[in-house]
Every structure is written in C-alpha cells, then in structure tokens.
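Given next are the chains, with one letter for each unit.
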Amino acid sequence: MQKSKLTLYIFIALVLGVIAGYIYNVNVIGNINSKISTADATIKNISTHLLTVKDTTTAEYKSLKLAKTTQVTIRSTNDSLRDDKLEGYTILSDIFLRLIKMIVGPLVFTTLVVGVAKLGDINAVGRIGGKTLLWFLSATLVSLLLGMLLVNFFEPGVEMHLALPDSHLGTGIQATGITLKDFISHVVPRSFFEAMANNEILQIVVFSLFFGIATAAIGDMGQIVIKAMDAIAHVIFKITGYIMLLAPLAVFGAITAVVAKQGLGVLSTYAIFIGEFYFSLLILWLIIVLAGFFVLRTRVFNLVNRIKDAMLIAFGTSTSEAAYPKLLLELEQFGCNSKIVSFVLPLGYSFNLDGSMMYMTFASMFLAQAYSIHLSFVHEITMLLILMLTSKGMAGIPRASLVVIAGTISMFNIPEAGIALLLGIDPLLDMGRSATNVLGNAMATAVVSKWEGELTESDLAVNNEAA
C-alpha cells in the first residue's frame, strides 16, 4: 500500500510539475528564452558572415567580432539568469540525486558480497549453480544487447537537443575516449576506501567479488560475515525507502524545471520514449518465452499462465520483491523442486533482472542522444559490459536502475543531471520492468529444474483434479 501511495504521489507530482512548469515558462522564463534564442540566431549569422571575411585586419571583421562577443555575453547572462530562476526547483532533484549516490557504494558492496558468498557456499549444488549462472549471464547479455539495438533503432532522444551543462561544454566522448589503461584503472582498485569515497562502482564490484568468494571459502566462520552483511544490506534498503519518500518532491522539481526551460514540446518525446520502451519489453517477453519453449516445450504456456498474477503484483507495486512469495508458491505447484526453487529464485532476484537490464542500456543511450553525445560502437559495447557488472546485486530496491545508470554514464561524459529527465516517467517504466523481472526469474527457475530432471508433472495433476 505504501509503494502504491508513493507511485500515486509521484504521478501527482508529475502532473503538478507539468502545470507549474508551463505556467512558469509562460510568465517568467518565456521572455528569457526569447532573448537566448535571438542571441543564438544572431551568433550563428555573425559566425557565418565571419567565414566570408578573408582579411582579419579590416574594420568589418573587428566589428563582427565585437558584435559576436556582445551577443555571447547577452546569451551567457540570460542563461545564468534562467538557471537562477529555476534554482529553487532544480535543488529538489539535486538533493535527491545526492542521496541516491550516497548509498551506491555500500549497497553494491553488501548485496554483492552476500550473493556471491551464498553462491560459493553451496558446494553440493555446484553443477546447478553453473547452469544457473550460464542462464543468468546469457539472459543479461541478451537483455542489454536488445536494449542497445532498439534504442539505436528508435532513437527516442534525438529530437530533444538538450544543451550540455556548463561543466560539459566543449567536451565529447570522442575527445576523451576510454583507453585500455583508463578501463583498467576503473576496474582495479588501489584502495577499497578510495573506491567507496569516489563511488568507483567497478572497483567496488571487483573487491566485493574477492570478498564474497573469500567469505564462502572460510566455511562456518564466514556465516557470521554473511549474516552481518545481510543485516547491513537491509539497513541500506530501509535508508533507500526513506530516500524514496522524497521522490515526489524530486519529480516535481525536475519536471517543473524541464518544462519551464524547454516548454511543453519536450513531453512529446517522453510519450514516444515510454511507448518505444514498452514495445521493446514486449519483444523481450517473446524472446524469454521462446527460450523457455526450447526447454519446457508447451509447458511454458502453462507457466506463463500460472505466474500472471505474480507479474501483475510486480507491475502494480513497481517491485518484483512484492511478487516473490506468490512466485515461489506457483513455481513449486508448477512442478519445480523446492530445493532448486529456493536456490535459483533468490539468486535470480540478485543477478537476473532482465527488464532492468534492458532499461539501463535503453535509458543510458537515450540520455546520450538527448545531449547529442555520439557514442561509437566500441563505446556502446564497453557501456554494455560495464552495466552487466555494475548492475549485479542491485535487486529489491524500487528504481535502483537509476542508481546504476548514474554510476555508469559519468564514465562516458554523459551529464548525470540527465537522470532528472527520467525521474518523472520512471514509475511508469519501473512497473513494466518489474513484471519482466518476474517473468525472467520464473523462466530461469523452471528451465534449470528441467535441466536437472527435477521438474515433475504436478501442474498437470492439479489441472486434472480441477477438471
């Protein structure tokens, strides 16, 4: 109920933000925007004229240079004035973003250590763990790749033409491309505490993997560490819940600032983005079901029918965690061995979030397109691989994908301020990707059960009794 109310409040904040932004745009920002547009047009005309002047020592050339400098000053002054007028709204989303970034490091560390330690501690089912991870990694790669391909096909952010923040002016991904040395420095930590302080997500992931494996290797003594880390993770989950209470204010501030600055035209891009994302999710659903069909055959349709209520719960609450009890029960009734369900399903909730995976490449590339930042094929593949690593262990937290995206896009010179563009529509997107996560984990559990010969025909028996 609390999550539903939060989603309702966010939608209300979204609507109020649009209304407030429009009013503010017409009555306050509109005049400033007109001056900026006029200055931009004048600067463009002068720059074109300057190219035709061959002699830079003439009075005409000096006059044009002076006029251009004057217009640049006018534009800069009005741009600063516009930012000052919007400061009261942008500070709301800035606070929220800072709080979100505050929990990134501790959250990745604790959840990933617990997940890896529990995986390594189950020596008796190493074979099951290998098959499970094979499915998870394959599903993650397909989801990320599908998101990257479809966002490049649809190009939902191209029409936004957002200006880069001042700190990014004059920079681009081509000028500061990631070299092998840069990538290594992002991966291998010099100090765990330095990585935590600087929010170097990849370095935290590397240390967490070592820590989790070592914790599992020391046997019973490691159980103390696992319990402690699990408890800390739940504390951070609680903190995340507190932070999410501020989400409506952040949404209101972010949407008001965007609409006030850009006008209502920017909302058409949001509508296109949401529609294209849900169409992409539908394609992902078909791929997941098709992959399950090759293993489960026609029983895959019975599985989908069984878990539809769990998917609706996840959709309505915007979190797949809410569907966990229902999903566990349905999988056991479907015929999956309870031991496999209790092993694969929790791991899936930490490592197999198909909907969230696709969203992260889709949203990251959307922001790059919105800011007209070109990413080469190599950069896109690098981003895909980084997201594959940084996304692990982020399950169970509403809208955690924003945390991962914020920690990744900065590596590609995409302004973190762009996250504010996603805040207002993220609840709508979170509903779809949460339902997709449920479908992906249910399919993974059923497939691994089938591979292990532990899938009975109990669902058929139940159907016969009902008939």
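Undergrad: Help me out: how do you make sense of the nonpolar core in this one?
TA: Nonpolar side chains tend toward joint burial in soluble globular proteins. Residues Leu296, Leu327, Leu367, Ile414 and Met443 are the most contacted members of the largest nonpolar core, which totals 115 residues. Excluding anything up to four places from it in sequence, Leu296 contacts Leu303, Met443, Ala446, Val447, Lys450 and Leu455. Counting residues in hydrophobic clusters, the runner-up holds 5 residues, among them Ile46, Val53, Tyr61 and Leu64.

Undergrad: Explain the packing of helix H2 (residues 59-102) against helix H8 (residues 220-244) to me, please; I cannot follow it from the model alone.
TA: In a packed pair of helices, the relevant descriptors are the angle between the two axes and the axis-to-axis distance. Contact geometry for H2 and H8: axes closest at 10 Å, N-to-C directions at 175°. The angle between the axes of H2 and H8 places the two elements in the roughly antiparallel class. The segment H2 lies against H8, with Phe96, Leu99, Ile100 and Met102 engaging Ile239, Ile243 and Met244. Here the residues of the contact of H2 with H8 sort into 7 nonpolar, no polar and no charged.

Undergrad: For this particular structure, what's the right way to read H8?
TA: Residues spaced three or four apart along an α-helix face the same direction, because each turn holds 3.6 residues. Over its 25 residues, H8 runs 36 Å from end to end, which matches the ideal 36 Å to within 8%, given 1.5 Å per residue. For H8, the set of buried residues is Gly222, Ile226, Met229, Ala233, Ile236, Thr240, Ile243 and Met244.

Undergrad: Where do I start with the packing of H2 against helix H9 (residues 247-262) in this structure?
TA: Remark: H2 packs on H9, axes separated minimally by 7 Å, with the N-to-C direction vectors making an angle of 150°. With respect to H9, the axis of H2 lies roughly antiparallel. Considering how the two elements wind past one another, H2 and H9 form a crossing that is left-handed. For the pair H2 and H9, the contacting residues are Arg82, Asp83, Leu86, Tyr89, Thr90, Leu92, Ser93 and Phe96 in the first and Ala247, Leu249, Ala250, Phe252, Gly253, Ala254, Thr256, Ala257, Ala260 and Lys261 in the second. Split into classes, the residues belonging to the contact of H2 with H9 amount to 11 nonpolar, 4 polar and 3 charged.

Undergrad: Honestly, unusual backbone geometry in this entry has me stumped. Any pointers?
TA: Where the residue is not glycine, phi is negative for most of them; where a peptide bond is considered, it is trans in most cases. A positive phi angle, close to 60°, is found at Arg297, a residue other than glycine. With respect to the helices and strands, Arg297 occurs in the loop between helix H10 (266-296) and helix H11 (299-306). What makes Arg297 partly exposed here is its relative accessible area of 48%. For Ser372, which is not glycine, the phi torsion reads 55° and is therefore positive. Residue classification places Ser372 among the exposed residues on the basis of a relative accessible area of 53%.

Undergrad: Just checking my understanding: could you explain H2 for this structure?
TA: Here H2 contains 44 residues, and its C-alpha end-to-end distance of 56 Å is more than 12% below the 64 Å for a straight helix at 1.5 Å per residue. A bend of about 60° at Glu87 is the largest found in H2. Among all positions of H2, only Tyr61, Leu64, Gln71, Asn78, Asp79, Arg82, Leu86, Ser93, Phe96, Leu97 and Ile100 are buried. Between the side-chain oxygen of the N-cap and the backbone nitrogen of Tyr61 there are 3.3 Å, and the N-cap of H2 in question is Thr58.

Undergrad: Would you mind showing me how to read the packing of aromatic side chains here?
TA: Geometrically, a pair of aromatic rings is defined through the distance of the ring centres and the angle of the planes. On inspection of all chains with the given rule, the structure shows 17 aromatic pairs. Taking 5.4 Å as the distance between ring centres and 75° as the angle between the ring planes, the aromatic pair formed by Tyr24 and Tyr89 counts as edge-to-face. One end of the pair, Tyr24, is in helix H1 (residues 2-52); the other, Tyr89, is in helix H2, with 65 residues separating them in the sequence. Exposure remark for Tyr24: the relative accessible area of 18% places this residue in the buried category. For the pair Phe277 and Tyr359, a centre-to-centre distance of 5.4 Å together with 75° between the ring planes defines the contact as edge-to-face. One end of the pair, Phe277, is in helix H10; the other, Tyr359, is in helix H15 (residues 354-370), with 82 residues separating them in the sequence. Members of the aromatic cluster, each reached through a chain of ring pairs, are Phe273, Phe277, Tyr278, Tyr359, Phe362 and Phe366. Looking at Arg299, its charged tip hangs above the ring of Phe334, at a distance of 4.5 Å from the centre. Lying across the ring of Tyr359, Arg433 places its NZ or CZ 4.1 Å from the centre.

Undergrad: Whenever I open this one, the pattern of salt bridges confuses me. Can you help?
TA: Charged atoms that come close allow side chains of opposite charge to pair. Here the structure, examined in full by the defined rule, presents 7 salt bridges. A salt bridge links Arg75 to Asp79, with the shortest nitrogen-to-oxygen separation between them at 3.9 Å. Linking Arg75 with Asp79, this pair stays in helix H2, spanning 4 residues, or about one helical turn. With a relative accessible area of 23%, Arg75 lands in the partly exposed category. In this structure, the salt-bridge partner of Glu330 is Arg306, at a minimum N-O distance of 3.1 Å. Separated by 24 residues along the polypeptide, Glu330 in helix H13 (residues 324-334) and Arg306 in helix H11 bring together distant segments of the chain. Taken as a pair, Glu330 and Arg306 share a single burial class, namely buried.

Undergrad: What's the story with the environment of Leu303 in this structure? I'm lost.
TA: Looking at the element boundaries, Leu303 is found in helix H11. Note on Leu303: relative accessible area 1%, which makes it buried. In this structure, the C-alpha to C-alpha distance between Leu303 and Phe334, residues 31 residues apart in sequence, is 6.9 Å. Residue contacts for Leu303: discarding those within four places in its chain leaves Leu296, Leu331, Phe334, Ala442, Met443 and Ala446.

Rules behind the numbers
Residues numbered from 1 in each chain as written. Predicted model: local features only at pLDDT ≥ 70, side-chain atom pairs only at ≥ 80, totals over all residues. Heavy atoms only, no water. Core = buried A, V, L, I, M, F, W, Y, C linked by side-chain atoms within 4.5 Å. Buried < 20%, exposed > 50% of the residue type's maximum accessible area, 1.4 Å probe, protein only. Contact = heavy atoms within 4.5 Å. Axes fitted to C-alpha atoms, helices over the stretch in contact; angles between N-to-C directions. Helix = DSSP H or I, 4+ residues; strand = E, 2+ residues; numbered from the N terminus. Parallel < 35°, antiparallel > 145°, perpendicular 65-115°, else oblique. Nonpolar A, V, L, I, M, F, W, Y, C, P; charged D, E, K, R; others polar. Expected span 1.5 Å × (residues − 1). Left-handed = near helix turned anticlockwise from the far one by under 90°. Bend = angle between axes of the 7 residues up to and from the residue. Polar contact = N/O pair within 3.5 Å; in protein donor to acceptor, adjacent residues only side chain to side chain. Phe/Tyr/Trp six-rings, centres within 6.5 Å; stacked < 30°, edge-to-face > 60°. Lys NZ or Arg CZ within 6 Å of the ring centre and 35° of its normal. Salt bridge = Lys/Arg side-chain N within 4 Å of Asp/Glu carboxyl O.

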